[in-house]
Amino acid sequence: MAVPFSIRLERGPPLRTLILEHDVMMADLLETVVSGLYSGGTVFVTGAMESALAYWRENGADLIITGWSLPDGSGLACARAVRENDKQTPVVLISSRSDRKSVRQAAHHGINSYIVKPFDVSLLHERLKSLVDQEAFEQQSPIDLEQRLRSSVDTVIQLPCEINTADVIKLMERRQDLYPSQLAERWNDEMALTSRLLDVANTASFKKTGEPVRNLRDAIATLGIDMALRQAMALSLNISGHMRDPRLAERAEAFIELAEKTAREAELVAARLEINAAEIHVAALLSRIGELAVLKVMQEAIDQNCSISEEHIEGGLGTWAPTFGNRLKVQWHLPIPLRELIGAVHILPRAATRESLIVMRTAALKAAGEGKSEECLRLLSRLGLDEYSCEQR
């Protein structure tokens, strides 16, 4: 059962950002930067000027980021329409045009910041920080934590990421010599980055070919080395990505460790069966995204001077982790087979016969210390294995 309670916030309504960019991968990169920089904010992304202006007229925005060339107009036309009624909202224009005439045109239309492609993600990060101070959004009102969790389900959630910015910079310096397989091996256990790259790659892949992307190497190959590195840079700059409350940090670490252990166990079982473990590894790694997302929302609440008890943490995790997990699998455009593999970590459908699903549930039980349980032994038997055949050697 949920544990409802009220918390008093020092800050008010979340930052509303409108991103107008028809290039799918660029739009996702911008969304990653904004969501990491302005924790808990709402982000509306569209590739058409008509829908952007319709959204703006109905909801307004505290920050607008637009590309120059659009299928039904231009970023300048969008800025002009906004400026007719709003002189204050920061507008950022991102364009491949670097000539003086274009820059002057942008200034004439009230553009606050003009960024030329290809750009340094850290530059965009700093520009946005200078344009919008989220602490300005303040009001005094009691907010129910359960309502906050409910409203956060449909917003962009950036999971805690351990990617080091300096490491990404070093990789960028030798990007010409890198291959997708090299980056995939390096980032193989980075849950947050894996999920984000799969999300962006599937969005782009479905739009172009209709085919899903199911593993990290293919995701990087679909995006290209440069875009994959820029996504990594954006996540590394996520100032709200880490758990600062020690109770939340301890739980996050435990969930990440459990997911990684499940991935290792799944690989061992898959190796014994001589089946491809690439998709199985990804599924195991993403098996605790729901719990981490809930912890992230709780950390945002604590950052806003909220007091959350141990009971509220446990109650929130128990009630909301499955909902967040299922919603994120949809938001991140994960292929149906991959979603099913993730689900099998938690519960195996009664009629399941797919070998990979049985492997996932078996690995989850072994990772949780239930390798000798009746369920695990029964599943091993179905796979033609015994309790000792999948031990680490």
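Structure's up top.
Residues numbered from 1 in each chain as written. Predicted model: local features only at pLDDT ≥ 70, side-chain atom pairs only at ≥ 80, totals over all residues. Heavy atoms only, no water.

1. Concerning the pairing of strand S4 (residues 63–67)
For a regular strand, the rule is simple: side chains alternate between the two faces of the sheet. S4 sits mainly inside the fold: five of its five residues count as buried. Burial along S4 is two-sided: the face carrying Leu63, Ile65 and Gly67 and the face carrying Ile64 and Thr66 are both buried. In this sheet, strand S7 (residues 91–95) lies alongside S4 in parallel orientation, the contact comprising four bridges. Among the inter-strand pairings, Gly67 is bridged to a residue of S7, identified as Ile94. (Buried < 20%, exposed > 50% of the residue type's maximum accessible area, 1.4 Å probe, protein only. Helix = DSSP H or I, 4+ residues; strand = E, 2+ residues; numbered from the N terminus. Pairing = 2+ DSSP bridges.)

2. Topic: the side chain of Gln299
Inspection of the secondary structure assignment puts Gln299 in helix H14 (residues 289–303). Those residues in contact with Gln299 that sit more than four places away from it in its chain are His242, Met243, Arg244, Asp245 and Leu248. (Contact = heavy atoms within 4.5 Å.)

3. A short note on the pairing of strand S2 (residues 16–20)
By the criterion of burial, S2 is predominantly enclosed, with four of the five residues buried. One ladder, built from five bridges, connects S2 with strand S3 (residues 42–46); its direction is parallel. Following the sheet pairing, Leu20 is matched in S3 by Thr46. Sheet analysis places S2 next to S4, joined by four bridges and oriented parallel. For Ile19, the partnering residue across the bridge sits in S4 and is Ile65.

4. Things to note about the pattern of salt bridges
Per the counting criterion, the structure on display carries 14 salt bridges. Put simply, Arg196 and Asp199 hold a salt bridge, and the shortest N to O gap is 2.8 Å. Remark: Asp199 and Arg196 occur in helix H9 (residues 191–208); sequence separation between them is three residues, near one turn of the helix. Each member of the pair, Arg196 as well as Asp199, is classed as buried. One salt bridge connects Glu375 with Arg361, and the closest N-O pair in it is separated by 3.0 Å. In this pair, Glu375 sits in helix H18 (residues 374–382) while Arg361 sits in helix H17 (residues 355–367), placing the two residues 14 residues apart along the sequence. (Salt bridge = Lys/Arg side-chain N within 4 Å of Asp/Glu carboxyl O.)

5. Some thoughts on the sheet that holds strand S8 (residues 113–116)
Across the sheet, five strands lie side by side as S3-S2-S4-S7-S8; this open sheet has parallel pairing. Each edge of the sheet is formed by a strand with only one pairing partner; in this case those strands are S3 and S8. Each strand axis lies, on average, 15° off the axis of its neighbour in the sheet, ignoring direction. Bridge count for S7 against S8 is four bridges, and the pairing is parallel. What sits directly across from Ile94, in S8, is Ile115. Packing against the sheet, helix H2 (residues 49–59) makes contact with S2, S3 and S4, and its axis sits at approximately 165° to S2. Packing of helix H5 (residues 121–131) onto the sheet brings it into contact with S4, S7 and S8, and relative to S8 it is tilted by some 175°. (Axes fitted to C-alpha atoms, helices over the stretch in contact; angles between N-to-C directions.)

6. Re the packing of helix H13 (residues 278–285) against H17
Closest axis-to-axis distance for the H13/H17 pair is 11 Å, and the angle between their directions is 40°. Here H17 runs oblique to H13, going by the angle between their axes. Seen along the crossing, H13 lies across H17 with a hand that is right-handed. Listed contacts from H17 to Ile280, Ala283 and Ala284 of H13 are Ser356, Val359 and Met360. Residue classes in the contact of H13 with H17 are distributed as five nonpolar, one polar and no charged. (Parallel < 35°, antiparallel > 145°, perpendicular 65-115°, else oblique. Left-handed = near helix turned anticlockwise from the far one by under 90°. Nonpolar A, V, L, I, M, F, W, Y, C, P; charged D, E, K, R; others polar.)

7. As for helix H16 (residues 336–346)
Within the sequence span of H16, burial applies to Leu338, Leu341, Ile342, Ala344 and Val345. Along the long axis of H16, the arc covered by the buried residues comes to 155°, so they all point the same way. (Arc of directions from axis to C-beta.)

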